[in-house]
Amino acid sequence: MAGAIGMTQARVSEIMRDRREVARLDVYERIADGLAMPDDARRLLGLAPARGLRAGGAGFDLAVYPEVVRVYETQAAARDEIQRHARTASELDVLAVRGLGLIGLNDSLLRGDLARSGVRVRVLLLDPDAPVVEQRAAEIGEASMSLAAGIRLSGERLRELAGVCDVQVYRYAMLPTWRLIRADDVMFVSAFDAGWEGHESATYKVGSTPNGPFFRGHRRMVEAMIAGAQRTV
């Protein structure tokens, strides 16, 4: 088994004895490839069927393929793909902390794609006055005043787009967990954690499928957050 999946015998033994866990999707893919798992088994692991492994996310049928289409090591690795979807989307949802790297600066990832007519943009930013700002700032080794100032700057920069597109800005007060970009029926999901920011996290490209919980669950979460948030723009 170790030879088939490209692991050492010791590591395989540790996994089988529950002393080590497999947490990365590319490792699951290597195991599935090496063991020639049938498509039904691959789907249980969140993987594409074997016949679609090399499709690279292009030309796939979202009704057939699993909703996790591709995994990127960081947001920077997914930059081109995110911008490609954002460029033609009629709806853009962004869930972030301060969002400077996404929407707040002229060279931000999505800034150019927001400033066009015909797109509805909804942005959720952390409330700069929320108690969790201090906690989040401590997690990333930054002064809470600096973090709050960055949030306010993004909010003001989004206000500039009010006459260009249908932009809505909301403030939420919970500790940030998910960082999310939704462009119509495609979503890019990463996470915040102690010690790293959202753009440093692995980024999952998720497609809407008839029975997939990941896309639907995150979209439902965003709608609930908007319903309970304070709108500022």
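Residues numbered from 1 in each chain as written. Predicted model: local features only at pLDDT ≥ 70, side-chain atom pairs only at ≥ 80, totals over all residues. Heavy atoms only, no water.

(A) Here's a closer look at empty space enclosed by the protein. What the rule picks out here adds up to two cavities of 30 Å³ or more. The space that makes up the largest cavity amounts to roughly 50 Å³. Taken together, Gln75, Ile82, Arg179, Ile181, Phe188, Val189, Ser190 and Thr203 make up the lining of the largest cavity. For the lining of the largest cavity, the elements supplying multiple residues, two or more each, are α5 (75-88), β5 (178-183) and β6 (186-191). By residue number, the principal contributor to the lining of the largest cavity is β6, which donates three residues. (1 Å grid on protein atoms, 1.4 Å probe; cavity = no way out; pocket = protein on both sides within 12 Å on 5 of 7 lines; lining within 4 Å. Points joined across faces, edges and corners; volume = space filled by probe spheres on them. Helix = DSSP H or I, 4+ residues; strand = E, 2+ residues; numbered from the N terminus.)

(B) Highlighting helix α9 (residues 144-159). Over its 16 residues, α9 extends 23 Å from the first C-alpha to the last, a length consistent with the 22 Å expected when each residue adds 1.5 Å. Where α9 is concerned, the buried positions are Leu147, Ala148, Gly150, Ile151, Ser154, Gly155, Arg157 and Leu158. The elements touched by buried residues of α9 are α6 (100-104), α7 (111-114), β3 (120-126), α8 (132-139) and β4 (166-172). (Expected span 1.5 Å × (residues − 1). Buried < 20%, exposed > 50% of the residue type's maximum accessible area, 1.4 Å probe, protein only. Contact = heavy atoms within 4.5 Å.)

(C) Here's a closer look at the sheet that holds strand β8 (residues 230-231). If you walk across this open sheet you meet the eight strands as β1-β7-β6-β5-β2-β3-β4-β8, and the pairing is mixed. The open sheet has two edge strands, β1 (68-72) and β8, and neither has a second partner. Examined bridge by bridge, β5 and β6 share six bridges and lie antiparallel to one another. Bridge assignment links Trp178 to a residue of β6, and that residue is Ala191. The sheet contacts of α5 involve β1, β2 (91-95), β5, β6 and β7 (203-207), and relative to β7 the element is tilted by about 30°. (Pairing = 2+ DSSP bridges. Axes fitted to C-alpha atoms, helices over the stretch in contact; angles between N-to-C directions.)

(D) Spotlight on the side chain of Arg98. With respect to the secondary-structure elements, Arg98 resides in the loop between β2 and α6. Judged by its relative accessible area of 15%, Arg98 falls in the buried class. In this view, Arg98 contacts Ile103, Leu125, Ile140, Glu142, Ser146, Leu147, Gly150, Ile151, Ser154 and Glu197; residues no more than four positions away in its chain are not counted.

(E) Broad picture of the packing of α8 against α9. One way to put it is that α8 packs onto α9 with a least axis distance of 8 Å and a crossing angle of 110°. Between α8 and α9, the interaxial angle falls into the category roughly perpendicular. In this structure, α8 uses Val133, Glu134, Arg136 and Ala137 to contact α9, whose residues at the interface are Ser144, Leu147 and Ala148. Its residues placed into classes, the contact of α8 with α9 shows four nonpolar, one polar and two charged. (Parallel < 35°, antiparallel > 145°, perpendicular 65-115°, else oblique. Nonpolar A, V, L, I, M, F, W, Y, C, P; charged D, E, K, R; others polar.)

(F) Representation of the pattern of salt bridges within the structure. Summed over all chains, the structure comprises 16 salt bridges. We note a salt bridge from Glu197 to Arg98, for which the minimum N-O separation is 3.5 Å. Highlighted residues: Glu197 in the loop between β6 and β7 and Arg98 in the loop between β2 and α6, separated in sequence by 99 residues. With relative accessibility at 25%, the residue Glu197 sits in the partly exposed group. Between Arg136 and Glu139 there is a salt bridge, with its nearest N and O atoms 2.8 Å apart. Of this pair, Arg136 and Glu139 are both found in helix α8, three residues apart, which corresponds to roughly one turn of the helix. Judged by its relative accessible area of 2%, Arg136 is buried. Where salt bridges share partners, they join Glu91, Asp93, Arg120, Arg122, Arg182, Arg219 and Glu223 into one cluster. (Salt bridge = Lys/Arg side-chain N within 4 Å of Asp/Glu carboxyl O.)

Geometry only, nothing functional implied.
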